[in-house]
Amino acid sequence: YLADKFGEFIPSDHAGRTECLNWLFWQMGAAPLLGGGFGHFYAYAPVKIEYAIDRYTMEVKRQLDVLDRRLAEGPFLAGDEYTIADMATVPWLRFPERQGVEIDEYPALKKWRDAIFERPAVKRAFQVLAERRRPVPEMTPEQKANLFGAAQYAKR
């Protein structure tokens, strides 16, 4: 919406805009796997379910392979210019090691991610985030049950 409204970070030509939107929609479909499902079972679930971890690990690697192949062809997801697609995707790759992802296995992806993290506006955003981030308290057993257990389906 903002890219369209202000005419920034989205190509104005039809082909470029379509490519940008394709990658933006890809991100919307892939991100729940990268950080959501995989992150949940790998890092947060109270019970480690090997099948779920293995399944999401394979899918994350497949998605990262897609990104790496694309970024081997050019500097940004939608081509030669930095777009909203890059902005929406790169945060999901900020700390891949927390989820067992070896970023060095994806050289084009790593180069892209590291270059974006060096952008002045991105550095400023990370600084603001660091200044405003509050420590997350440990969840109580009741909170864990509400989030991960049968209580999440209980009528309230």
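The structure displayed is predicted, hence computed values, not measured ones.

**Comments concerning the side chain of Arg70**
Working step 1: Following the sequence through the fold, Arg70 ends up in helix H3 (residues 50-71).
Working step 2: There is a polar contact of 2.8 Å between the side chain of Arg70 and the backbone oxygen of Leu77.
Working step 3: Not counting chain neighbours up to four residues away, the residues in contact with Arg70 comprise Glu19, Trp23, Phe76, Leu77, Ala78 and Gly79.

**So, the nonpolar core**
Working step 1: Core analysis: the largest hydrophobic core is formed by 28 residues, its most contacted members being Trp23, Leu64, Leu67, Leu77, Leu109 and Trp112.
Working step 2: Secondary-structure elements contributing two or more residues to this core are helix H2 (14-44), H3 and helix H5 (107-117).
Working step 3: Once you skip the residues sitting within four places of it in the chain, Trp112 turns out to touch Leu71, Pro75, Phe76, Leu77, Asp86, Thr89, Val90 and Leu93.

**Examining the pattern of salt bridges**
Working step 1: Enumeration over the complete set of coordinates arrives at seven salt bridges.
Working step 2: A salt bridge links Arg70 to Glu73; its shortest N-O distance comes to 3.5 Å.
Working step 3: A single network of salt bridges, built from pairs that share partners, joins Arg55, Glu59 and Arg62.

**Overview of the confidence of the model for the protein**
Working step 1: Residues with a pLDDT of 70 or more make up 94% of the protein, whose mean pLDDT is 88.
Working step 2: Of all the helices and strands in the protein, helix H7 (residues 141-148) carries the lowest mean pLDDT, 78, while H5 carries the highest, 97.

**Comments concerning a nonpolar patch on the surface**
Working step 1: Judged by side-chain polarity, Tyr1, Leu2 and Phe6 come together as a nonpolar surface patch covering roughly 430 Å² of accessible area.
Working step 2: If you trace the backbone, Phe6 turns up in helix H1 (residues 2-6).
Working step 3: Relative accessible area serves as the criterion here: at 55%, Phe6 is assigned to the exposed category.

**Details of H5**
Working step 1: Taken as a whole, H5 has its buried residues at Ala108, Leu109, Trp112, Arg113, Ile116 and Phe117. Relative to the axis of H5, the buried residues are bounded by an arc of 165 degrees and lie together on one face. Opposite the packed face of H5, turned more than 90 degrees from it, sit the exposed residues Pro107 and Lys111.
Working step 2: Those residues of H5 that are buried are in contact with H3, helix H4 (84-89) and helix H6 (120-132).

**Some words on the environment of Phe126**
Working step 1: Structurally, Phe126 can be placed in helix H6.
Working step 2: A residue is classified by how much of its surface remains accessible, and Phe126, at 22% relative accessible area, is partly exposed.
Working step 3: Through-space distance from the C-alpha of Phe126 to that of Gly36 is 21 Å; in sequence the pair is 90 residues apart.

**Brief notes about the layout of surface pockets**
Working step 1: Put simply, the largest pocket is a space of about 410 Å³.
Working step 2: Together, 13 residues line the largest pocket, and Tyr44, Pro91, Phe95, Arg98 and Gln99 are the ones closest to its centre.
Working step 3: In terms of residue count, H2 provides more of the lining of the largest pocket than any other element does, four residues in total.
Working step 4: Residue composition of the lining of the largest pocket, by class: seven nonpolar, three polar and three charged.
Working step 5: Considered as a void within the structure, the second largest pocket measures approximately 250 Å³ in volume.
Working step 6: In this structure, the second largest pocket is lined by Ala43, Tyr44, Pro46, Val136, Pro137, Glu138, Met139, Lys144 and Phe148.
Working step 7: Looking at the lining of the second largest pocket, the elements with two or more residues in it are H2 and H7.
Working step 8: When grouped by side-chain class, the residues that make up the lining of the second largest pocket number seven nonpolar, no polar and two charged.

Procedures and definitions
Residues numbered from 1 in each chain as written. Predicted model: local features only at pLDDT ≥ 70, side-chain atom pairs only at ≥ 80, totals over all residues. Heavy atoms only, no water. Helix = DSSP H or I, 4+ residues; strand = E, 2+ residues; numbered from the N terminus. Polar contact = N/O pair within 3.5 Å; in protein donor to acceptor, adjacent residues only side chain to side chain. Contact = heavy atoms within 4.5 Å. Core = buried A, V, L, I, M, F, W, Y, C linked by side-chain atoms within 4.5 Å. Buried < 20%, exposed > 50% of the residue type's maximum accessible area, 1.4 Å probe, protein only. Salt bridge = Lys/Arg side-chain N within 4 Å of Asp/Glu carboxyl O. pLDDT = per-residue confidence, 0-100. Patch = residues over 30% accessible without salt bridge, like charges linked within 9 Å, V, L, I, M, F, W, Y side chains within 5 Å. Areas by Shrake-Rupley, 256 points an atom, 1.4 Å probe, with all protein chains shown as cover. Arc of directions from axis to C-beta. 1 Å grid on protein atoms, 1.4 Å probe; cavity = no way out; pocket = protein on both sides within 12 Å on 5 of 7 lines; lining within 4 Å. Points joined across faces, edges and corners; volume = space filled by probe spheres on them. Nonpolar A, V, L, I, M, F, W, Y, C, P; charged D, E, K, R; others polar.

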